[in-house]
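Examination of the molecular architecture
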Amino acid sequence: MMMHEPPNLVGLRGRLTHRVSLAKYTSWRAGGIADSLYLPADRDDLASFLRQLTVFEAVTVLGLGSNTLVRDGGVRGTVIVMHNPGAALAVMDGLIYADAGAASPKLARFAATHGCVEAEFLAGVPGTVGGALAMNAGCYGGETWRYVVRVEVLTRKGEFVVRTPSDYAIGYRSVRRADGGALDGLFTGAWFRFPQGDGSRARARIKELLARRIATQPLALPNAGSVFRNPPGDHAARLIEFCGLKGHAIGGARVSEKHANFIVNPQGAAKAADIEALIAHVRETVRVRTGVELEQEVRIVGEAA
Ligand SMILES: Cc1cc2nc3c(=O)[nH]c(=O)nc-3n(C[C@H](O)[C@H](O)[C@H](O)COP(=O)(O)OP(=O)(O)OC[C@H]3O[C@@H](n4cnc5c(N)ncnc54)[C@H](O)[C@@H]3O)c2cc1C
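Read on for a plain summary of the structure.

**Notes on the packing of aromatic side chains**
Each aromatic ring pair is summarised here by two numbers: the centre-to-centre distance and the angle between the ring planes. Counted according to the given criterion, the structure contains eight aromatic pairs. A connected cluster of aromatic rings, assembled from ring pairs, spans Phe121, Tyr147, Phe192 and Phe194. Seen from the ring of Phe160, Arg43 lies directly overhead, with NZ or CZ sitting 4.0 Å from the centre. The side chain of Arg150 reaches across the aromatic face of Trp191, ending 4.5 Å from its centre.

Here it is as structure tokens:
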């Protein structure tokens, strides 16, 4: 096996570490190590980092890892973790600007505080703005890209470009390039237009939506939200429950009793392989019993152990 040579870079303000467990960077709290992991200080620092990486270095992006399963063998190359507690949110020319590393719930509260409505749905999506852009995150009737005016993207070579929604093919939990290709580059920021409205009502709605989540989702246990997309006209959770899979466990991973489309890691001891095997078992059981092919919403990265 070829050994990974850690990048040796100069003038950086972020934090570069090596052989880092990704379990603490994903909400499932499972998975292997990254050869290298970079926490950029800000967008310019990230651009400088990318410009210095050789083209041979594999790059993987994580926000808050709330939709990602990292396999037990870990990720080769460098993982860039975009989440940044100091990420900027601002009002600019009637639009709301958010750094990609800002947490989506912060964007929801910021919008409400600044007299905007309809961003409330993001309050319960525990990822970053970049992750919400990559996934077209949505719930309770809201969807990220409905409000995007433009995005800033950093290419793998370290160059910034500004794009608009017409540059993308946007669907349910899916964003591709307009030509059908997979996303290229990293989102570093986005400008949103949320309608003006009653901010105090928006804040009340945030509370209401969060209470609804606490009542229906296993938020106290490590999980990655909905594992499968809802098939047209139906709910993945209904199909999984119909198949009697609630509570079904493989190793340390279990189908949540509270919400059948969630897989939880109750002791924090699940291997990524347990979670992946459980995902496959649920998909196969639902296919055999109902004829419906569930599509995965969570992303799986890295190598098997
Ligand atoms: C309790 C819980 C509830 C959830 N509820 C919802 C919900 O209601 N609706 C919903 O849509 N999702 C939900 N999710 C899933 C998840 O929170 C969203 O998909 C979220 O937007 C992912 O953001 P993240 O930063 O954690 O992404 P990650 O998991 O870190 O990454 C997801 C994907 O986005 C890519 N990515 C991340 N950042 C960038 C970037 N800056 N540029 C380019 N690509 C990037 C990654 O490479 C990866 O492919 C839930 C998850 C949990 C744990």
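**Regarding the side chain of Asp99**
Along the chain, Asp99 falls in strand β7 (residues 95-99). The side chain of Asp99 sits in the buried core without any salt bridge; Arg43 is the nearest counter-charge, 6.1 Å away. Side-chain polar atoms of Asp99 contact the side chain of Tyr97, separated by 2.5 Å. Discounting residues that sit within four places of it in the chain, Asp99 has contacts with Ala87, Ala88, Val129, Thr188 and Gly189.

**Examining the pattern of salt bridges**
Summed over the entire model, instances satisfying the criterion amount to 14 salt bridges. The salt bridge partner of Asp42 is Arg13, with a shortest N-O separation of 2.9 Å. Of the two residues, Asp42 sits in the loop between β2 (33-39) and α1 (43-52) while Arg13 sits in the segment before β1 (15-21), which places them 29 residues apart along the sequence. Accessibility expressed as a relative area gives 51% for Arg13, which makes it exposed. Here Glu241 ties to Lys246 by a salt bridge, and the two come within 3.6 Å at their closest N and O atoms. Among the residues examined, Lys246 registers a relative accessible area of 28% and is labelled partly exposed. Salt bridges here are not isolated pairs; linked through shared partners, they connect Asp35, Arg76 and Glu303.

**Looking at the sheet that holds strand β5 (residues 75-81)**
With mixed pairing, the four strands of this open sheet are ordered in space as β1-β2-β5-β3. Both outer strands of the open sheet, β1 and β3 (59-62), are each paired with one neighbouring strand and no more. For this sheet, the mean angle separating the axes of adjacent strands, direction not counted, is 30°. Bridge count between β2 and β5: four bridges; the pairing is parallel. Within the sheet, the bridge partner assigned to Tyr38 lies in β5 and is Ile80. Sitting on the sheet, α1 is in contact with β1, β2, β3 and β5, with an inclination near 160° to β5.

Rules and cut-offs
Residues numbered from 1 in each chain as written. Predicted model: local features only at pLDDT ≥ 70, side-chain atom pairs only at ≥ 80, totals over all residues. Heavy atoms only, no water. Phe/Tyr/Trp six-rings, centres within 6.5 Å; stacked < 30°, edge-to-face > 60°. Lys NZ or Arg CZ within 6 Å of the ring centre and 35° of its normal. Helix = DSSP H or I, 4+ residues; strand = E, 2+ residues; numbered from the N terminus. Buried < 20%, exposed > 50% of the residue type's maximum accessible area, 1.4 Å probe, protein only. Lys, Arg positive; Asp, Glu negative; His and termini not counted. Salt bridge = Lys/Arg side-chain N within 4 Å of Asp/Glu carboxyl O. Polar contact = N/O pair within 3.5 Å; in protein donor to acceptor, adjacent residues only side chain to side chain. Contact = heavy atoms within 4.5 Å. Pairing = 2+ DSSP bridges. Axes fitted to C-alpha atoms, helices over the stretch in contact; angles between N-to-C directions.

These figures capture arrangement, not role.
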